[in-house]
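An overview of the molecular structure
Each chain, letter by letter, is given below.
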Amino acid sequence: MRIGELADVVGVTTRAVRHYHHLGLLPEPERRANGYREYGLRHAVVLARIRRLTELGLGLAEVRDVLADDAGKDLVEVLTELDEDLARQEAAIRERRGRLRVLLEAEGGVPAEGPVSPELAALFAGTAHLSGSPMAAKDREIIAFLETAMPPEARQQLVSSLGEVLGPPEAVARADEAYALLDALADAEPDDPRVDGAARALADCIPPGLFPEIGDLDLDHDGSVLRAFYEDLAPAQAEAIRRTLRLLTEERR
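Structure report, in brief. Since we're looking at a predicted model, the values are computed, not measured.

Quick look at the overall build of the chain
When you go through the chain residue by residue, the secondary structure sums to 12 helices and 0 strands. Looking at the chain as a whole, 35% of its 253 residues qualify as buried. Total accessible area on the chain is roughly 15,300 Å²; 53% of this is exposed by carbon and sulfur atoms.

Points about the side chain of H21
Counting through the fold element by element, H21 comes out in helix 2 (residues 14-23). What makes H21 buried here is its relative accessible area of 11%. The contact partners of H21, leaving out residues within four places of it in the chain, are L26, P27, E28, P29 and Y39.

With respect to the packing of aromatic side chains
Note on aromatic pairs: each is described by the distance of the centres and the angle between the planes. Under the defined criterion, the tally for this structure stands at 0 aromatic pairs. A cation over a ring is seen here: R2 above Y36, with NZ or CZ 4.0 Å from the ring centre.

A closer look at the packing of helix 3 (residues 41-55) against helix 4 (residues 60-68)
Axis separation between helix 3 and helix 4 bottoms out at 10 Å; the angle between their running directions is 135 degrees. The pairing of helix 3 with helix 4 is recorded here as oblique in orientation. Seen from above, helix 3 lies across helix 4 with right-handed handedness. Judged by residue contacts, V46, R49, I50, L53 and T54 of helix 3 engage L60, V63, V66 and L67 from helix 4. Its residues assigned to classes, the contact of helix 3 with helix 4 comprises 7 nonpolar, 1 polar and 1 charged.

Regarding helix 1 (residues 3-10)
It helps to recall that an α-helix has 3.6 residues per turn; residues three or four apart then point in one direction. For helix 1, every residue scored as buried is listed here: I3, L6, A7 and V10. The arc that holds every buried residue of helix 1, seen down its axis, measures 95 degrees, which confines them to one face. Summarising the geometry of helix 1, the exposed residues directed more than 90 degrees from the buried face are D8 and V9. Residues of helix 1 that are buried in the fold lie against helix 2 and helix 3. Positive phi appears at G11, one or two residues downstream of helix 1, with a value of about 90 degrees.

What about the pattern of salt bridges?
This model, assessed by the stated rule, comprises 9 salt bridges. Taking the shortest distance from any N to any O, the salt bridge between E90 and R94 comes out at 3.9 Å. In this pair, E90 and R94 are both assigned in helix 5 (residues 73-105), 4 residues apart and thus about one turn of the helix distant. One salt bridge connects R243 with E239, and the closest N-O pair in it is separated by 2.9 Å. Of this pair, R243 and E239 both sit in helix 12 (residues 235-252), separated by 4 residues, roughly a single helical turn. A relative accessible area of 22% places R243 in the partly exposed class. When its relative accessible area of 17% is taken as the criterion, E239 is described as buried.

Let's talk about the nonpolar core
As a rule of thumb, nonpolar side chains are buried together in soluble globular proteins. Counting 24 residues, the largest nonpolar core has M135, L182, L185, L202, L233, A240 and I241 as its most contacted members. Elements with a minimum of two residues in this core: helix 7 (134-149), helix 9 (169-183), helix 10 (194-205), helix 11 (224-231) and helix 12. Contacts of L182, omitting those with residues within four sequence positions, involve M135, A198, L202, Q237 and A240. Within the second largest apolar cluster, 21 residues are counted, among which are Y20, V46, V66 and L82.

Here is what the cut-offs are and how they apply
- Residues numbered from 1 in each chain as written.
- Predicted model: local features only at pLDDT ≥ 70, side-chain atom pairs only at ≥ 80, totals over all residues.
- Heavy atoms only, no water.
- Helix = DSSP H or I, 4+ residues; strand = E, 2+ residues; numbered from the N terminus.
- Buried < 20%, exposed > 50% of the residue type's maximum accessible area, 1.4 Å probe, protein only.
- Areas by Shrake-Rupley, 256 points an atom, 1.4 Å probe, with all protein chains shown as cover.
- Contact = heavy atoms within 4.5 Å.
- Phe/Tyr/Trp six-rings, centres within 6.5 Å; stacked < 30°, edge-to-face > 60°.
- Lys NZ or Arg CZ within 6 Å of the ring centre and 35° of its normal.
- Axes fitted to C-alpha atoms, helices over the stretch in contact; angles between N-to-C directions.
- Parallel < 35°, antiparallel > 145°, perpendicular 65-115°, else oblique.
- Left-handed = near helix turned anticlockwise from the far one by under 90°.
- Nonpolar A, V, L, I, M, F, W, Y, C, P; charged D, E, K, R; others polar.
- Arc of directions from axis to C-beta.
- Salt bridge = Lys/Arg side-chain N within 4 Å of Asp/Glu carboxyl O.
- Core = buried A, V, L, I, M, F, W, Y, C linked by side-chain atoms within 4.5 Å.

Pasting the structure below:
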């Protein structure tokens, strides 16, 4: 058989055959006097085995290991590991689909910040009236980022503490007032007299459990994430956030 005939018989492309030659998976026959390579039944058997193994999900490196053992004693072990890996993937897919279903069926739909946990989506839905506040929108983006970046335990603590800030009606009213004061600083300078009032109002919104490690913050050397957050704000708004953190640090020491 020529290479095209071999590929047709097994149901692969000639490019795949050449690739398997290159990787050393499929023996390459010597060229005959006419310059063509002639493939025999053994080549077809090996190529068919490669195809079956790859269709099962094995990578080419794993296929090489299986083919290296003619007795096939490693095949059961490799396929067992593949089955266990597929089972883990299947469980992860079921879990992700469950989260997506909760988001898609939630009242108010998927938040503008993108997919977040169902608990955070519910909190955002409860404060939809704040969506007109530019500062509130930035806050929600940061919260969504933190939920993604934090380890599971810290993520739970974050969402739980946010429930105190955005849950009760009186807490939402305080947040509404603080966001309004911060929005009003969009065109102000850092020394604007309204900065202190905005900082105090924002500090009053934040429960002790939200940032339990705040007393350890080095406010003179802000972290890279915090610096990026400041750079995204107007000068007076950034100063209000800095003063808020100082107030919270002093109160929690």
